[in-house]
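Single-letter residue listing:
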Number of protein chains: 2
Amino acid sequence: MSADAEPAPVSAKPPVTLREVAAAAGVSVATASKALNGQGRMTAETRERIRETARLLGFRPNSLAQSLLRKRSFTVGLLTNDTYGRFSLPLMAGVSDALVDKGVSVFLCNVEDDQRLGQLHVEAMLDKRVDGIVATGKRIDRHLPVDLSNLRIPVVYAFTQPDPGAVGLVSDDAGGARLAVEQFLRLGRRRIAHVSGPASFAVVHARAEAYRDVLRENGLATAEPLLGAWSEAWGRDAVARLFGKAGREGWPDAVFCGNDQIARGVIDALRERGIRVPEDVGVIGFDNWEIVAEATRPPLTSIDMNLASLGREAGLALLSLVDGHPAAPGIRKLPCRLVVRQSCGSPPQ
Amino acid sequence: MSADAEPAPVSAKPPVTLREVAAAAGVSVATASKALNGQGRMTAETRERIRETARLLGFRPNSLAQSLLRKRSFTVGLLTNDTYGRFSLPLMAGVSDALVDKGVSVFLCNVEDDQRLGQLHVEAMLDKRVDGIVATGKRIDRHLPVDLSNLRIPVVYAFTQPDPGAVGLVSDDAGGARLAVEQFLRLGRRRIAHVSGPASFAVVHARAEAYRDVLRENGLATAEPLLGAWSEAWGRDAVARLFGKAGREGWPDAVFCGNDQIARGVIDALRERGIRVPEDVGVIGFDNWEIVAEATRPPLTSIDMNLASLGREAGLALLSLVDGHPAAPGIRKLPCRLVVRQSCGSPPQ
DNA sequence: GCGGGTTGGGAAAAGGTTTTCTCAGGGGGA
DNA sequence: TCCCCCTGAGAAAACCTTTTCCCAACCCGC
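Residues numbered from 1 in each chain as written. Chains lettered and ligands numbered in written order. Predicted model: local features only at pLDDT ≥ 70, side-chain atom pairs only at ≥ 80, totals over all residues. Heavy atoms only, no water.

(A) Spatial organisation of the overall build of chain A. For chain A, the count of helices and strands is 12 helices and 12 strands. Scaling as 2.2 N^0.38, a compact globule of 349 residues should have a C-alpha radius of gyration of about 20 Å, whereas chain A reaches 27 Å, well beyond that. For the C-alpha atoms alone, the extent of chain A along its principal axes is close to 90 × 45 × 35 Å. Considering only residue pairs separated by 6 or more positions, chain A has 70% of its internal contacts joining residues 24 or more positions apart. Approximately 15,400 Å² of chain A is accessible, and the part contributed by carbon and sulfur atoms is 53%. (Helix = DSSP H or I, 4+ residues; strand = E, 2+ residues; numbered from the N terminus. Rg over C-alpha atoms; globule rule 2.2 N^0.38 Å. Contact = heavy atoms within 4.5 Å. Areas by Shrake-Rupley, 256 points an atom, 1.4 Å probe, with all protein chains shown as cover.)

Pasting the structure below:
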């Protein structure tokens, strides 16, 4: 029992309470509380003695009791329907990272697309008196299967469509597309194609529009984007369409892809046709999914949506709301980032 | 005030307390509490009246107050160092799913490999009086950067190396390897190669050993497994080694790969050599990472580690520990599952 | 009519902390 | 010397719920 003199908490014993600290220091709990929180008035000596006692005993205030009183639980909920995780996890990690430093913990709530599960999670969070909720989802378009519009706590949407009147953070897809196309232009490419995902996604249109804008601004002809699926197979198909025609002079010298999987399909198909990347055709993807981007041959230049930052910003925005600072509702767009690898080529000499 | 007769909670008003319910029903809080919890004795009529009042007012007990009293917070922590997420997210979703039905919420704690972050999260969880912790990690081998061995709450390890004396759940890698090799044998393959990840991973050895065992049990020659990296590039390299030799008769007719990325590299390299999959060579991967397995040509047969189930089991195991049921420490292995697609071929006619 | 058992319900403590209010004593000014 | 104010610290309420104990009234048998 006493062989271990370290202040290490003896396992399996109940946590030490403020009352015990107060008793050990010979003061009342009120004084002890004030001493530890830097409140109230007392001699510096008393305060120090109490602090020392608390330290020695390994006292840590019971967060539950604090929350009950302060009406702040220092806890938020993170709702997601993306088990698949390519987008969710960096986002979630970002939220968690931003908040842990402020002493705020995050409840993980995976609701899939299940109404019942969503209800269950929201009720559990409310019962546990979370201070706010970050809602995130698979893709900017799909809605979560729960209604968060009439809660008594603030809600921030990240990477998903916000309720009207709510605060939402998303990546600046148009800006990301600009980065890609402008990079091609800078490298001397002039016949730039765009291969993207299904037309049912709003981001597909946002990116396509930016693509067209940049080309127009530079006085270049804009080809109609090829819309299909978010898959490698579609990337390969698209290459067949773009490079199938006989006349080599009509071929693009660059392809901007709607995601990295499409880009991979494009690169594989080009290689199979004997078309060199990046010498003959440059390729840029979207998402910067490292595991894909680094496995393509050559490694894929891609647009990174900075999801971890997005998550951090969402966490901080929520915290600010919780603290009572009002925030303008609406969508805030966070910039993307171009990650250059080898598939886009080097500047012409 | 009364224009809205719905039980919908009026937004931004503080939650209704038991005291208010009791007042509205004309009883004491004690009676109200007992009525709602099915405790104590009272007329059925009284009980029903209180319940109805509570329902009408939209009363939900304050979980914080309950926790304070019961010394159970119905909250657990989920520690992970895998932001990358291929393995983590299904696991985490499994834990969350298993627990939400029991009213238990999960704190998401991303600690990367950062000692400070780990410390911070563990302290936050302890302060918030979590009932237990699920620790999970990138891979079965790497340890989390925190010491959980002397906590006063139960800890369950999932998919990562448990502390000695603790409870751990991992996938049965040897069993999974057996599934793969036996599938090949069933399909008539006889010269089965194994290409896997770095020798520094324990699972690499577990799977390799099972591979050798199955071959030996069937009286077949066992080639030395090729160990390298968890990458496509290594898969391609391995093909060069296996199929580089002149004599076609020495070539394998099946390759069992340590993960799906290696398998993808193998399949790509075989195709580039004009070797047909699955006609000439069957391929089976590991992890059943759908996005990879479905993108290979042909789609990849793979071993699924059932990570969501693993997560669920871990959650339930932790709950059982929290409830005071003792559990035998040590590692429990959960079976893998063979997911057949096209890369392994069909039975010979 | 009386005592014992039962029934329906309430008072109060407990859980751990924060905060407001109160109070005793000491010091300084008049 | 008296009064006032300030200083240091404690008592108690509050947060919300659960649970134990208690009590009054009623019913029953005798």
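(B) Here's a closer look at the sheet that holds strand 10 (residues 301–304) of chain B. Residues and elements named next belong to chain B. An order of 7-6-8-9-10-12 is seen for the 6 strands of this open sheet, with the pairing classed as mixed. Pairing within the sheet leaves two strands with one partner each, and these edge strands are strand 7 (226–227) and strand 12 (337–339). Against the sheet, helix 8 (residues 202–217) contacts strand 6 (192–196), strand 7 and strand 9 (282–286), and its axis sits at roughly 175° relative to strand 6. Along the sheet face, helix 10 (residues 260–272) touches strand 6, strand 8 (254–257), strand 9 and strand 10 and points at about 155° away from the line of strand 9. (Pairing = 2+ DSSP bridges. Axes fitted to C-alpha atoms, helices over the stretch in contact; angles between N-to-C directions.)

(C) Inspection of the sheet that holds strand 6 (residues 192–196) of chain A at higher detail. Residue and element names in this part refer to chain A. One open sheet accounts for 6 strands, arranged 7-6-8-9-10-12; its pairing is mixed. The sheet is open, and its two edges are formed by strand 7 (226–227) and strand 12 (337–339), each paired on a single side. Here strand 10 (residues 301–304) pairs with strand 12 via 3 bridges, running antiparallel. Opposite Ser302, over in strand 12, you have Val339 as the bridge partner. Its contacts with the sheet place helix 10 (residues 260–272) against strand 6, strand 8 (254–257), strand 9 (282–286) and strand 10, and it is angled at close to 155° to strand 9.

(D) Representation of the relation of the copies chain B and chain A in the model. Of the two same-sequence chains, chain B is brought onto chain A (RMSD 0.1 Å, axial shift 0.0 Å) by a rotation of 180°. The transformation relating the two chain copies, once decomposed into turn and shift, fits a two-fold axis. Closest approach to the rotation axis among the C-alpha atoms of chain B is made by Phe107 of chain B, whose C-alpha sits 2.2 Å away. Comparing interface residues between copies, 98% of those in chain B also sit at the interface in chain A, which points to an isologous, same-surface contact. (Least-squares fit on C-alpha atoms with pLDDT ≥ 70 in both.)

(E) Fine view of the interface of chain B and chain A. In this complex, chain B contributes 62 residues to the contact, which on the side of chain A involves 61 residues. A buried area of about 5,300 Å², summed over both sides, lies between chain B and chain A, and 55% of it is on carbon and sulfur atoms. On the chain B side of the interface with chain A, the three residues burying the most area are Leu64, Leu108 and Lys128 of chain B, jointly 13% of the side's total. Inspection of the chain B/chain A interface yields 14 salt bridges. (Buried area = accessible area lost by both parts, 1.4 Å probe. Salt bridge = Lys/Arg side-chain N within 4 Å of Asp/Glu carboxyl O.)

(F) Region of interest: the nonpolar core. Counting residues in each nonpolar core, the largest one holds 89 residues, and the members touching the most others are Val156, Val181, Ile192 and Phe256 of chain A together with Val156, Ile192 and Phe256 of chain B. Ignoring anything within four residues of it in the chain, the contact list for Ile192 of chain A reads Val181, Phe184, Leu185, Tyr211, Leu215, Asp253 and Ala254 of chain A. In terms of nonpolar packing, the next biggest core, distinct from the first, is built from 34 residues, Leu144 and Tyr157 of chain A together with Leu79 and Val111 of chain B among them. (Core = buried A, V, L, I, M, F, W, Y, C linked by side-chain atoms within 4.5 Å. Buried < 20%, exposed > 50% of the residue type's maximum accessible area, 1.4 Å probe, protein only.)

(G) Broad picture of the confidence of the model for chain A. Per-residue pLDDT for chain A averages 91, and the proportion of residues at 70 or more is 94%. Across residues 1–11 of chain A the pLDDT falls below 50, and counting only partners more than four positions away or on other chains, this stretch makes 5 contacts in the model. (pLDDT = per-residue confidence, 0-100.)

(H) View of the pattern of salt bridges. Scanning all chains against the criterion turns up 45 salt bridges over all chains. Here Asp101 of chain A ties to Arg116 of chain B by a salt bridge, and the two come within 3.3 Å at their closest N and O atoms. Separated into two different chains, Asp101 of chain A in the loop between helix 5 (88–100) and strand 2 (105–110) and Arg116 of chain B in helix 6 (residues 115–127) make up a pair that spans both. Judged by relative accessible area, Arg116 of chain B falls into the partly exposed class, the value being 47%.

(I) Up close: the protein's contact with DNA strand C. Taken together, 27 residues are adjacent to DNA strand C, and Leu18, Gln66 and Leu69 of chain A together with Thr31 and Lys34 of chain B come closest. Counting only the atoms of DNA strand C that lie within 4 Å of the protein, the sugar and phosphate share comes to 55%. A distance of 2.7 Å separates a base oxygen of DNA strand C from a polar atom in the side chain of Lys34 of chain B. The contact in question runs from a phosphate oxygen of DNA strand C to an N or O atom on the side chain of Thr46 of chain B, over 2.9 Å. Of the residues in the surface near DNA strand C, the class split is 12 nonpolar, 9 polar and 6 charged. (Near = heavy atom within 4 Å. Polar contact = N/O pair within 3.5 Å; in protein donor to acceptor, adjacent residues only side chain to side chain. Nonpolar A, V, L, I, M, F, W, Y, C, P; charged D, E, K, R; others polar.)

(J) Just the packing of helix 7 (residues 173–186) of chain B against helix 8 of chain B, in detail. Residue and element names in this part refer to chain B. At a minimum axis distance of 8 Å, the contact between helix 7 and helix 8 shows a crossing angle of 40°. Taken together, the axes of helix 7 and helix 8 lie oblique to each other. Helix-helix and strand crossings are classified by hand; for helix 7 and helix 8 the assignment is right-handed. Contacts between helix 7 and helix 8 involve Asp173, Ala174, Ala177, Arg178, Val181, Glu182 and Leu185 from the first element and Val203, Ala206, Arg207, Ala210, Tyr211, Asp213, Val214, Leu215 and Glu217 from the second. Residues belonging to the contact of helix 7 with helix 8 are distributed by class as follows: 10 nonpolar, no polar and 6 charged. (Parallel < 35°, antiparallel > 145°, perpendicular 65-115°, else oblique. Left-handed = near helix turned anticlockwise from the far one by under 90°.)

(K) The arrangement of the protein's contact with DNA strand D in detail. In the vicinity of DNA strand D there are 28 residues, among which Thr31 and Met42 of chain A together with Leu18, Gln66 and Leu69 of chain B approach most closely. Restricting attention to atoms of DNA strand D within 4 Å of the protein, one finds that 59% of them are sugar or phosphate atoms. The contact in question runs from a phosphate oxygen of DNA strand D to an N or O atom on the backbone of Leu18 of chain B, over 2.4 Å. Within the side chain of Asn37 of chain B, a nitrogen or oxygen atom sits 3.3 Å from a phosphate oxygen of DNA strand D. Elements with a contribution of two residues or more to the surface near DNA strand D: helix 2 (29–37) and helix 4 (63–70) of chain A together with helix 1 (18–25), helix 2 (29–37) and helix 4 (63–70) of chain B. Among the elements that take part in the surface near DNA strand D, helix 2 of chain B stands out by supplying 5 residues, more than any other. Per-class residue counts for the surface near DNA strand D are 12 nonpolar, 10 polar and 6 charged.

(L) Representation of the environment of Trp230 of chain A within the structure. Residue and element names in this part refer to chain A. Relative to the assigned elements, Trp230 resides in the loop between strand 7 and helix 9 (232–244). Put simply, Trp230 and Ala263 are 33 residues apart on the chain and 9.7 Å apart in space, counted from C-alpha to C-alpha. Ignoring any residue separated from it by four or fewer positions in sequence, one finds Trp230 in contact with Ser196, Gly197, Pro198, Phe201, Val203, Val204, Arg207, Gly258, Asn259, Gln261 and Ile262.

(M) Summary view of helix 12 (residues 307–322) of chain B. Residue and element names in this part refer to chain B. Spanning 16 residues, helix 12 covers 22 Å between terminal C-alpha atoms, matching the ideal 22 Å at 1.5 Å per step. Taken as a whole, helix 12 has its buried residues at Leu307, Leu310, Gly311, Ala314, Gly315, Ala317, Leu318, Leu319, Leu321 and Val322. Phi turns positive one or two residues past the end of helix 12, at Gly324, with a value near 95°. (Expected span 1.5 Å × (residues − 1).)

(N) Inspection of the packing of aromatic side chains at higher detail. As enumerated under the stated definition, the model contains 10 aromatic pairs over all chains in all. For the pair Phe243 of chain A and Trp251 of chain A, a centre-to-centre distance of 5.4 Å together with 70° between the ring planes defines the contact as edge-to-face. A relative accessible area of 15% places Trp251 of chain A in the buried class. Centre to centre, the rings of Phe256 of chain B and Phe286 of chain B are 6.2 Å apart; their planes meet at 45°, and the pair counts as tilted. Within this pair, whereas Phe256 of chain B is found in strand 8, its partner Phe286 of chain B is found in strand 9, the two being separated by 30 residues in sequence. The burial state of Phe256 of chain B is the same as that of Phe286 of chain B; both residues are buried. (Phe/Tyr/Trp six-rings, centres within 6.5 Å; stacked < 30°, edge-to-face > 60°.)

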